[in-house]
Amino acid sequence: MICTILSLRKNYFMETVLPDSPLIRIRRFLLRPTMGPLIALLIACAFFGSQTPRFLTINNFSFIFQQSIVVSVLAIGQTLIILTSGIDLSNGAIMSLGAVFMVHLASRNGINPYLAIGVGLAITAGIGFINGLLVTRLRLPAFIVTLGMLGIVYALTLIYTSETVPAKEAQTFLGNGFKVGDTLITYGTVAMVLLFLVTWFMLRETAFGRHIYAIGNNAEAVRLAGISTDRLLIAVYSLAGLLYGIAALLLIARTEVGDPQTGVAGNFNLESITAVVLGGTSLFGGRGNVLGTLIGSLIVSIFRNGLLLMGIPSIYQLLITGILVIMAVSVDQFSQRGGAR
Amino acid sequence: MFSTQKSKKLALMVTIILVILGTFGIFSAQAQDVVQVGLITKTETNPFFVKMREGAQAAADAAGVKLLTASGKSDSDNDSQVTAIENMVNAGVKGILLVPADSAAIAPTVKKAREAGVLVIALDTPTIPQDAVDALFATDNLKAGLLIGQYAKAALGDKPVKIATLDAAPGNKTGVLRHNGFLQGFGIEEGDASIVCSGDSGGDQAKGQTLMENCLIKDPDINLVYAINEPAAAGAYTALDKAGKADGVMIVAVDGGCAPGIAGIISGHFAATSQQYPLKMAQMGVEAVINFAKTGDKPWGYTDTGVTLISAKPLEGIDSQGAVFGAQSCWGTLEDGEMDAAMKVDAAAGIKPPA
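Residues numbered from 1 in each chain as written. Chains lettered and ligands numbered in written order. Predicted model: local features only at pLDDT ≥ 70, side-chain atom pairs only at ≥ 80, totals over all residues.

## Quick word on the overall build of chain A
In step 1: Summing up its helical and strand segments, chain A has 15 helices and four strands in all.
In step 2: By the burial criterion, 50% of the 341 residues in chain A qualify as buried.
In step 3: Across chain A, every contact between residues at least 6 apart in sequence was considered, and the portion connecting residues at least 24 apart equals 78%. (Helix = DSSP H or I, 4+ residues; strand = E, 2+ residues; numbered from the N terminus. Buried ≥ 20, exposed ≤ 12 C-beta atoms within 10 Å, placed from the backbone. Contact = placed C-beta atoms within 7 Å.)

## Focus on the interface of chain A and chain B
In step 1: Tallying the contact residues gives 22 residues for chain A and 22 residues for chain B.
In step 2: Those elements that place two or more of their residues in the side of chain A that touches chain B are helix 4 (58-83), helix 11 (229-255), helix 12 (262-265), helix 14 (290-309) and helix 15 (314-340) of chain A.
In step 3: Within the side of chain A that touches chain B, the residues separate by chemical class into eight nonpolar, ten polar and four charged. (Nonpolar A, V, L, I, M, F, W, Y, C, P; charged D, E, K, R; others polar.)

## Describing the pairing of strand 10 (residues 272-276) of chain B
Residue and element names in this part refer to chain B.
In step 1: Extensive coverage of strand 10 is indicated by the burial of five of its five residues.
In step 2: Residues of strand 10 alternate between two faces, with Ala 272, Ser 274 and Gln 276 on one and Thr 273 and Gln 275 on the opposite face, all of them buried.
In step 3: Looking at chain direction, strand 9 (residues 250-255) and strand 10 are connected through four bridges and run parallel. Within strand 10, the residue paired with Asp 255 across the bridge is Gln 275.
In step 4: Considered for its hand, the β-α-β crossover made up of strand 9, helix 9 (residues 258-267) and strand 10 is right-handed.
In step 5: Bridging between strand 10 and strand 12 (residues 307-310) involves four bridges; their strand directions are antiparallel. Following the sheet pairing, Gln 276 is matched in strand 12 by Val 307. (Pairing = 2+ DSSP bridges. Right-handed = clockwise from strand over helix to strand, strands pointing away.)

## Details of the confidence of the model for chain A
Residues and elements named next belong to chain A.
In step 1: When pLDDT is averaged along chain A, the result is 86, and 90% of the positions lie at 70 or above.
In step 2: When the elements of chain A are averaged for pLDDT, helix 1 (residues 2-15) gives the smallest value, 43, and helix 6 (residues 113-137) the largest, 96.
In step 3: Every residue in residues 1-15 scores below 50 in pLDDT, and together they form nine contacts with partners more than four places removed in sequence or on other chains. (pLDDT = per-residue confidence, 0-100.)

## Brief notes about the environment of B:Gly202
In step 1: If you trace the backbone, B:Gly202 turns up in the loop between strand 7 (195-200) and helix 7 (205-218).
In step 2: Note on B:Gly202: 25 C-beta atoms within 10 Å, which makes it buried.
In step 3: As a C-alpha pair, B:Gly202 and B:Phe48 span 154 residues in sequence and 16 Å in three-dimensional space.
In step 4: Filtering out sequence-adjacent residues up to four positions away, B:Gly202 remains in contact with A:Ala265, B:Ala168, B:Ala169 and B:Lys207.

## Notes on the pairing of strand 8 (residues 224-227) of chain B
Residue and element names in this part refer to chain B.
In step 1: Because side chains alternate across strand 8, one face comprises the buried residues Leu 224 and Tyr 226, and the other comprises Val 225 and Ala 227, equally buried.
In step 2: By the bridge criterion, four bridges tie strand 6 (residues 163-167) to strand 8 in an arrangement that is parallel. If you follow Ala 164 over to strand 8, its bridge partner there is Val 225.
In step 3: Each parallel crossover has a hand, and for strand 8 linked through helix 8 (residues 230-242) to strand 9 it is right-handed.

## So, the sheet that holds strand 8 of chain B
Residue and element names in this part refer to chain B.
In step 1: Judged by pairing direction, the sheet is mixed, and its six strands sit side by side in the order 7-6-8-9-10-12 without closing on themselves. Strands with a single pairing partner mark the edges of an open sheet, and in this sheet they are strand 7 and strand 12. Direction aside, neighbouring strands of the sheet carry axes that sit 15 degrees apart on average.
In step 2: Across the face of the sheet, helix 5 (residues 141-156) comes into contact with strand 8, strand 9, strand 10 and strand 12 while running at roughly 160 degrees to strand 9.
In step 3: Sheet strands touched by helix 8: strand 6, strand 8, strand 9 and strand 10. Its angle to strand 9, the strand with the most contacts, is close to 160 degrees. (Axes fitted to C-alpha atoms, helices over the stretch in contact; angles between N-to-C directions.)

## Observations concerning helix 8 (residues 187-205) of chain A
In step 1: Compared with the 27 Å implied by 1.5 Å per residue over 19 residues, the 26 Å span of helix 8 of chain A between its first and last C-alpha is a close match.
In step 2: Where helix 8 of chain A is buried, its residues meet helix 4, strand 3 (183-186), helix 9 (207-217), helix 11 and helix 14 of chain A. (Expected span 1.5 Å × (residues − 1).)

## Some points on the sheet that holds strand 5 (residues 135-138) of chain B
Residue and element names in this part refer to chain B.
In step 1: The strand order across the open sheet formed by six strands is 2-1-3-4-5-11, and the pairing between neighbours is parallel. Of all the strands in the sheet, the pair left with one neighbour each is strand 2 (66-71) and strand 11 (301-304). Between one strand axis and the next, the sheet turns through 20 degrees on average, direction left out of account.
In step 2: Sheet topology note: the strand 3 (residues 95-98)/strand 4 (residues 119-123) ladder contains four bridges and is parallel. If you follow Gly 95 over to strand 4, its bridge partner there is Leu 119.
In step 3: Relative to the sheet, helix 10 (residues 278-295) contacts strand 1 (36-41), strand 3, strand 4, strand 5 and strand 11, its axis offset from that of strand 4 by approximately 170 degrees.

## Comments concerning the packing of helix 4 of chain A against helix 8 of chain A
Residues and elements named next belong to chain A.
In step 1: The N-to-C vectors of helix 4 and helix 8 enclose an angle of 30 degrees; their axes lie 9 Å apart at closest approach. In the packing of helix 4 onto helix 8, the handedness of the crossing is left-handed. In this structure, helix 4 contributes Phe 65, Gln 66, Ile 69, Ser 72, Val 73 and Ile 76 to the contact, and helix 8 contributes Gly 188, Thr 189, Met 192, Leu 195, Phe 196 and Thr 199. (Left-handed = near helix turned anticlockwise from the far one by under 90°.)

Okay, structure coming up:
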């Protein structure tokens, strides 16, 4: 009963067209889930820009984008799963497995580098599919399934190899790019932006996308409406897996190696969850926006970059990011409550 | 009369019970006869610990003792190490070789093991306090940093220098020792104006690359990079290479792994690295436990397992070994053809092959 009421409230925000008085328009604009993160991003940029002249340069932002690519693409998959009120703790490990397979098959076993990429993508999508199966068929919480999968996938990666192997040039093409003025825009950056736009469109305009929101709001209602929630969830986890494969390809382009440790040691998983949360997506599912996730991911990169340029020790960077996450979620909660009155 | 199905089931069950009993019998017989040595590392997979396990296994096989191994799930997983020590003491080991994940937190568990008559030796990383264990077999990390610091000073002389330090993680004791050793060797103090950028790489290649990119934005004129280990150094090289600055910047690191460490020395990406010897730590550890089992003598205090400066660009007045020496004694896997390449760079630099 409460669930139904809650879901109605959420739907009211997403779907209902309010009367077009200017005040309400402004309010509706400010209540958009992406506005909070965007304002935070702009304040952070203004602050760092005032502190160090090296921050607000095109060159620096080119790097900030490049540094956020891998986490951002992981976070797209994470957003889809969190919107269904799930979570994925295994995405960093899955990405690492994909990257290691792609590089090893091509560099060690002499398989065609593009075929090796295809195999890697198939593997990551396959693991996503298994996650989806376990969540739906065994009715296990996503937290448990992906926690288990984190261990399994990390172990499988290291059983396969513990070596870091240099990638062939054919596999690092996303690291190339074109120059606008003096600034390098990599194909990886372009690919990331495109992925965000496509996902945004899919979530907003397609039935599949609307169902993802609906399942996070009220899975039972979706089922009663005659939609197979199991199939939908399996599709979401598989799609997320495919996105982790693309993240693997972007990682290879960036580091030019296949590194079995980095998926877990590089803290990618928690950073992807941080990006989603900073981007204003609710961890309870059903509410959020993938463009917010891009902003969230950029905020993480901007703080890492800006605080370093200011010469602030890394321990304080951790502290500040932690405070930021809690602040972002409380502001979001507060604005939601305010809006409901 | 039993039906055929029932008798089959019975036969199967009897077999299973016999097998189980038999297995226990074998294990308990072994436990009584053979000296057992325990090895507990931080993780299962880091090539450094893989090499350590190899060394321990080889020494154990040579002496006909049994090696039990366990590890934590991450570099800071104290809990798994506590469990492992308890299990090994229960299994009746004579001694435990331990790479502590949390130097202070493991001390009470170590104390209990020692009270149960087990010899405990710390490998690679000291406990806090250091005398919580019977003995410590480890690299002198301050010296490891010192050697590359001295090398960099000798190479750069009085040229203006801008340094980036790619450190480990806040509170990492090994990282602090190497960092301080490097500064000492270079002849500067913490906070010196020549250190233009410092950050944490976590010893991870991708994070090292991100850090180096940001450091280059902070100061594009960086010409000396100190890295906590070689993966971080490799990340720094990728960042420098992509920025077109690889040639003008000297990278020094610590570890001496085959790849990317010695491979980086051979390719000229790294100027110098301090090589450490996990195999030796483990060998000495196993031998010490066997000696304790035979004679009751315990080792004590700190034993330096050695560190060697490896460089394919030797300098006047700096004691170093070449790429071939590094390749012969590195840990991890050496790529095909790397040994030949090492011989070539050594010959080009006029370094004599090691005896």
